[in-house]
Amino acid sequence: MNKHSSDIVIVGGGVIGMGVAYFLSKNTGASITVIDIKKRGNASRASAGGLWPIGESVGLGCGVIFFKTLSKRKRESGDTSVEIARPHQLPDYFMNFCLKSNDMFPELWQELKENSGVDFKLEQTGLKFVMYDEDDMKYATQISDSIPHLSDQLTWLNKEELNDEETYVNQNAIGALSFLRDDQVNPYLLVEAYKEGARRNGVKLIDNAEVIGVEVVANRVVSVKTAKETIPCSLMINSAGAWAGIVGEMVGVSIPTYPIKGQIVLTERLPKILKSCLSTSDCYVAQKDNGEILIGSTTEEMGFNTSPSHTQIKELCQGAAKAVPVLADVNIKRTWAGLRPGTPDEIPVLGPVEGLEGYINACGHFRTGILTSAVTGDIIKSLVMGTEPPVPLEPFLLSRFDEKK
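Since the model is a prediction, treat every value here as computed from it, not as a measurement. (Residues numbered from 1 in each chain as written. Predicted model: local features only at pLDDT ≥ 70, side-chain atom pairs only at ≥ 80, totals over all residues. Heavy atoms only, no water.)

## A look at the layout of surface pockets
Test applied: A pocket here means an open set of points on a 1 Å grid, computed over the protein atoms alone, that has protein on both sides within 12 Å along at least five of seven lines. A cavity is instead a set of points where a 1.4 Å probe fits but cannot get out; residues with an atom within 4 Å of a point line either one. Grid points are joined across faces, edges and corners, and a volume is the space filled by probe spheres set on the points. Secondary structure is summarised from DSSP: a helix means a run of H or I of at least four residues, a strand means a run of E of at least two, and numbering begins at the N terminus for each. Ten residue types, Ala, Val, Leu, Ile, Met, Phe, Trp, Tyr, Cys and Pro, are classed as nonpolar, four, Asp, Glu, Lys and Arg, as charged, and the remainder, Gly among them, as polar.
In this structure, the largest pocket spans a volume of roughly 790 Å³. As for the largest pocket, its lining consists of 50 residues, of which Ala43, Ser44, Gly241, Leu339 and Pro341 are closest to the centre. Elements supplying a minimum of two residues to the lining of the largest pocket: α1 (15-24), α8 (244-249), β13 (258-267), β17 (332-342), β19 (356-363) and α10 (369-385). In terms of residue count, β17 provides more of the lining of the largest pocket than any other element does, four residues in total. Considering only residue class, the lining of the largest pocket consists of 26 nonpolar, 18 polar and six charged.

## A look at the sheet that holds β17
In plain terms, the rule: A strand pair is defined by DSSP finding two or more bridges across the two strands. Whenever a helix is involved, its axis is fitted only over the stretch in contact; in every case the axis is a line through C-alpha atoms, and angles between N-to-C directions fall within 0 to 180 degrees. Every residue pair with non-hydrogen atoms within 4.5 Å of one another is taken to be in contact.
Spatially, the eight strands line up as an open sheet ordered β6-β7-β5-β14-β15-β16-β13-β17, and their pairing is mixed. Strands with a single pairing partner mark the edges of an open sheet, and in this sheet they are β6 (154-158) and β17. Averaged over all pairs of adjacent strands, the angle between their axes in this sheet comes to 20°, without regard to strand direction. Here strand β5 (residues 127-131) runs beside strand β14 (residues 277-279); their pairing, made up of three bridges, is parallel. Bridge pairing in β14 links lysine 128 to leucine 278. Across the face of the sheet, helix α5 (residues 134-146) comes into contact with β5, β6 and β7 (175-179) while running at roughly 140° to β5. In this fold helix α9 (residues 310-323) packs onto β13, β15 (284-287), β16 (293-296) and β17, with an angle of close to 55° to the strand it touches most, β13.

## A word on the side chain of glutamine 263
Definition in use: Relative accessible area decides the class of each residue, using a 1.4 Å probe on protein chains only: under 20% of the type maximum gives buried, over 50% gives exposed, and in between gives partly exposed. As used in this structure description, the phrase polar contact means that two N or O atoms lie within 3.5 Å; if the pair is within protein, one of them must be able to donate a hydrogen and the other to accept it, and residues adjacent in sequence are counted only when both atoms belong to side chains.
Structurally, glutamine 263 is set in strand β13. Owing to a relative accessible area of 0%, glutamine 263 belongs among the buried residues under this scheme. Within the structure, glutamine 263 has its side chain in polar contact with the side chain of glutamate 300 (distance 2.8 Å). The residues touching glutamine 263, leaving out its near neighbours within four places in the chain, are Ile295, Gly296, Ser297, Thr298, Glu300, Pro308, Ser309, Gln312, Ile313, Leu316, Trp336 and Ala337.

## What to know about the pattern of salt bridges
Pairing between side chains of opposite charge can happen when their charged atoms approach one another. The following threshold applies: Salt bridge, as used here: a side-chain nitrogen of Lys or Arg that lies within 4 Å of a carboxyl oxygen of Asp or Glu.
Scanning the entire structure with this criterion turns up 15 salt bridges. With its nearest N and O atoms 3.9 Å apart, the salt bridge here joins lysine 121 to aspartate 119. With a shortest N-O distance of 3.3 Å, lysine 128 and glutamate 166 are connected by a salt bridge. With lysine 128 in strand β5 and glutamate 166 in the loop between α6 (159-165) and β7, the pair connects residues that are 38 residues apart, well separated along the chain. A relative accessible area of 1% places glutamate 166 in the buried class. Put simply, Asp36, Lys38, Lys195 and Asp207 are held in one network by salt bridges that share partners.

## Some remarks on the pairing of strand β2 (residues 6-11)
Counting buried positions over the six residues of β2 gives five, a clear majority of the element. The sheet contact formed by β2 and strand β12 (residues 229-238) spans five bridges and is parallel. Along β12, the bridge assignment pairs isoleucine 8 with leucine 235. Alignment of β2 against strand β3 (residues 32-35), held across four bridges, turns out to be parallel. Bridge pairing in β3 links isoleucine 8 to isoleucine 32.

## Some points on the confidence of the model for the protein
What counts here: For every residue, the predictor reports its confidence as pLDDT, a number between 0 and 100.
The share of residues in the protein with pLDDT of 70 or more is 92%, and the mean pLDDT across the chain is 92. Every residue in residues 80-86 scores below 50 in pLDDT, and together they form nine contacts with partners more than four places removed in sequence or on other chains.

## Side note on α10
Where we set the bar: Here, expected helix span is obtained from the residue count minus one, scaled by 1.5 Å. The angle separating two fitted axes, one through the seven residues that finish at a residue and one through the seven that start at it, defines the bend at that residue.
Taking 1.5 Å as the rise per residue, α10 with 17 residues should run 24 Å; its terminal C-alpha atoms sit 23 Å apart, in good agreement. Roughly 30° is the biggest bend found in α10, and it falls at valine 375. A large share of α10 lies buried, amounting to 13 of its 17 residues.

See below:
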């Protein structure tokens, strides 16, 4: 077997792994290797690219979609005993984590354009939750009331104001709650910018290689194995996304991550018809910088199944056509599904593991990997450098699940 050594080996080259590699490659002096294999369903390659710190934190990801679906089924069945699962708001520490990362993106955008030569297309679009009825209004009011300290980042639009700002949105919508700093990027280009920036900083990239084992001696990781080589290291970082639990098993660590399937629809290129990204009770709709419109997304526990399904794709298309009626007549370019790395509490798993040296988690980011890649990279760098992390680490440690057993 070929051998080379590395101070740090990062397992997984999605947006988290590459983001961590880039941040670690700046001023740490460490030799770094990233091992990555392209698997069907990689979440970074199936992302909308939304930087939605408030929207995701208050439940506008996919939760509201399921609330409306369940409500409809309840009304149709007439079963008043069914408990409706309302979308839930994540803890304040998670929102702060998201907001911290979002604040980093304007500077990161300029930095990576210079350091990597890649423009990941930061667009200050904002996000609008489009309301169709009183249920939507109640939900939006609940969101607004829960975050009074962020009132300067919210704007209420009545029917006329919404129609003025978004002329292609359903004219029967009763208004919108606008999140002014919830913007978007091109997710593919963000990963490429991190990757190229890390490469230029000396990071070794091993593509199309799968980690098949990790050697642990005296409770310390000492090497990482692929089919072709063994790489001695002082530290391994697990950023394997939906496969992080499998990697954890290699070092005897149980990580409760699992794949959450999300189906996506992409349209042909269109003239600019949306000023903002939209979230509704049926779907989200985001027009990218090249004119294509991305429509998402489902939330399905289907194991590692990445096959799109006609029923879910049809529902997403119907939801998009309801929100933006002109979309009923456009062509679909492609559909696909990604596997988000879910956790039981929808919070990432970050940091070291008690009783195991030379190992750090950077996984379980569910829907927010693109958004929180920046702060995650900064956190992992602080752990390696022995400095204070940018946010308190305790709520993100794997040990939080031990307390619930």
